Amino acid sequence: MGMFCYQCQETLRNEGCVFSGICGKTPETANLQDLLIYVLKGISYWSIKAREVEVEDSDVDLYVAEGLFVTITNVNFDEERIVEYINEALEKRNIIEKKFKEAYEKKYGKSFNEEVPDAAIWAPQEKTEEEYLEKAEKVGILSEENEDIRSLKSFLLFGLKGVAAYTDHAYVLKNSNDDILTFIENALSQTLRNDITAEELTNLVLETGKYAVNAMALLDEANTSCFGNPEMTEVYTGTYEEPAILVSGHDLLDLYEILEQTKGTGIKVYTHGEMLPANAYPELKKYDHLVGNYGGSWWKQQQEFEEFGGAIVMTTNCIQKPRESYKDKIFTTGLVGWPEVTHIPNRKDNRQKNFSPVIKKALEIGPIKKREGKKITIGFAHQQTAQVADKIVEAVKAGKISKFYVMGGCDGRNKERNYYTNFAKELPQDTVILTAGCAKYRYNMLDLGDIEGIPRVIDAGQCNDSYSLVLTALKLKEAFGLNDINELPIEYNIAWYEQKAVAVLLALLYMGVKGIRLGPTLPAFLSPNVLETVAKTFDIKTI
């Protein structure tokens, strides 16, 4: 069985993975994910119809977002669980279809009788993996023959995946925005139309940027209302000779619950990868046994997890195939999945997740190796940066800061990404880097110094905190009395890898940012015609 996937930056030959995923995804997993998306489109069709007769189902709407999140690069590689998601998606689809038809008949006094897309009515007979795989081959990305329409539908879908991920994170923390979920479903349902035009799809892609901003704002509010506004914080990168748990991914609530459940156990808790910014939140940093950050970017995890020696928890995307040396020490939770890796189930009845298997494993392993580390400064989200805005403006006016470089986004394995390290090293001493996301690991351990006490690397946090970078730019625009964000002494040099970065890119475009330099390669899902249009409209450049 073959596959076709070109949603990440490392896709084979920058064209598409066809035999197995560069990420480690099997053709079976890839095709099952394609089918899950197909059924989610069917759910979306009925959900949009239902809203026309004033019927909504919040559980169904949120499931669509969660289902999209499942299919993001490096989230779930467990075929059995993908089959379970498809089964549940079919149930959700039937629920919202029934609600709509009952409300329609009640409102109009007749049965609904219109032509319906296959994704909204396809009914498997056996509900087996074999049957699902057979259907998946017919409904994947390449089922759309027109190259430009396929490109735009993919651009839209991948942006929606990023929006869905950020929205789901916020919903976990009880912060909701029904308008975002409605847009996701409307956009998905539009892709089922056979008559949709390139212009209509382009408009939907650009509108996705608006909802990406809304989703990041929603998540920012969720994180800060629960855990406080990030503060400038020094984080230790070494380890102590005591039992330990390493928490990777993005989910702050998972980390909080692990910290709560490890109080008094003698276990030290460390962050990894995109969880580094958690050390700056007041309600997390108050735990004395949250002692620092170990390791770097997600793609180094196989070596780093093996060397760490303690228990490990993967909370969201970024998992790689676990080595046998630590397979019994790693745990997944939330939407993350890997075959034969112990999974921590979701919360029930508003209770915390039960991380006791992780705690038991950490204590069973015992003390890990002590390692010396350095301290790095983090915590420059938009509120913290606003507190030193006057100082930054003064430094610019005095000629001490000549330019800012936004170097947010993702990291990855490609050797071409050394460009970002070299770029940071070679910047003049009177420049400042604004960063968010795991791209920071290419330069945040460099000794770049500061300017009048202002660090030359201002770290706003996770990839979703790219929102903070835009707010910082808008505050600077206001401080300098400028009319256009593009008049600021700021250049954008963005690294991308997966679909959340696509949402961030669309958010920046929606905010009016032009002249973005994108790398290390341009997305394979952009056809020549679509690429030319996007590049011309927004002045996007390569590295």
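Being a predicted model, the structure only gives us computed values, none of them experimental. (Residues numbered from 1 in each chain as written. Predicted model: local features only at pLDDT ≥ 70, side-chain atom pairs only at ≥ 80, totals over all residues. Heavy atoms only, no water.)

1. Structural notes on helix α16 (residues 466-479)
- For α16, built from 14 residues, the straight-helix expectation of 20 Å at 1.5 Å per residue is met to within 8% by its first-to-last C-alpha distance of 20 Å.
- All of the buried residues in α16 are Ser466, Tyr467, Ser468, Leu469, Val470, Thr472, Ala473 and Leu476.
- After α16 finishes, the residue glycine 481 shows a positive phi value of roughly 70°. (Helix = DSSP H or I, 4+ residues; strand = E, 2+ residues; numbered from the N terminus. Expected span 1.5 Å × (residues − 1). Buried < 20%, exposed > 50% of the residue type's maximum accessible area, 1.4 Å probe, protein only.)

2. Things to note about the packing of aromatic side chains
- Under the defined criterion, the tally for this structure stands at 26 aromatic pairs.
- Here the aromatic rings of tyrosine 104 and tyrosine 108 are separated by 4.7 Å at their centres, their planes lie at 50°, and the arrangement is tilted. You can see tyrosine 104 and its partner tyrosine 108 sitting in helix α3 (residues 79-108), 4 residues apart, about one turn around the helix.
- Judged by its relative accessible area of 12%, tyrosine 104 is buried.
- When the centroid spacing of 6.0 Å and the interplanar angle of 65° are considered together, the rings of tryptophan 122 and tyrosine 132 count as edge-to-face. With a gap of 10 residues between them, tryptophan 122 in the loop between α4 (118-121) and α5 (129-139) and tyrosine 132 in helix α5 connect regions that are remote in the sequence.
- Under the relative-accessibility criterion, tryptophan 122 is labelled buried at 11%.
- Taken together through their ring pairs, the aromatic side chains of Phe4, Tyr6, Phe155, Phe158, Trp496 and Phe525 make up a single cluster. (Phe/Tyr/Trp six-rings, centres within 6.5 Å; stacked < 30°, edge-to-face > 60°.)

3. Re empty space enclosed by the protein
- Counted according to the given criterion, the structure contains 11 cavities of 30 Å³ or more.
- Counted as a void, the largest cavity has a volume near 90 Å³.
- If you go around the largest cavity, you meet 13 residues; those closest to its centre are Asn317, Cys318, Cys410, Cys438 and Glu498.
- Within the lining of the largest cavity, the residues separate by chemical class into 6 nonpolar, 4 polar and 3 charged. (1 Å grid on protein atoms, 1.4 Å probe; cavity = no way out; pocket = protein on both sides within 12 Å on 5 of 7 lines; lining within 4 Å. Points joined across faces, edges and corners; volume = space filled by probe spheres on them. Nonpolar A, V, L, I, M, F, W, Y, C, P; charged D, E, K, R; others polar.)

Function cannot be read off these values alone, since they describe shape.
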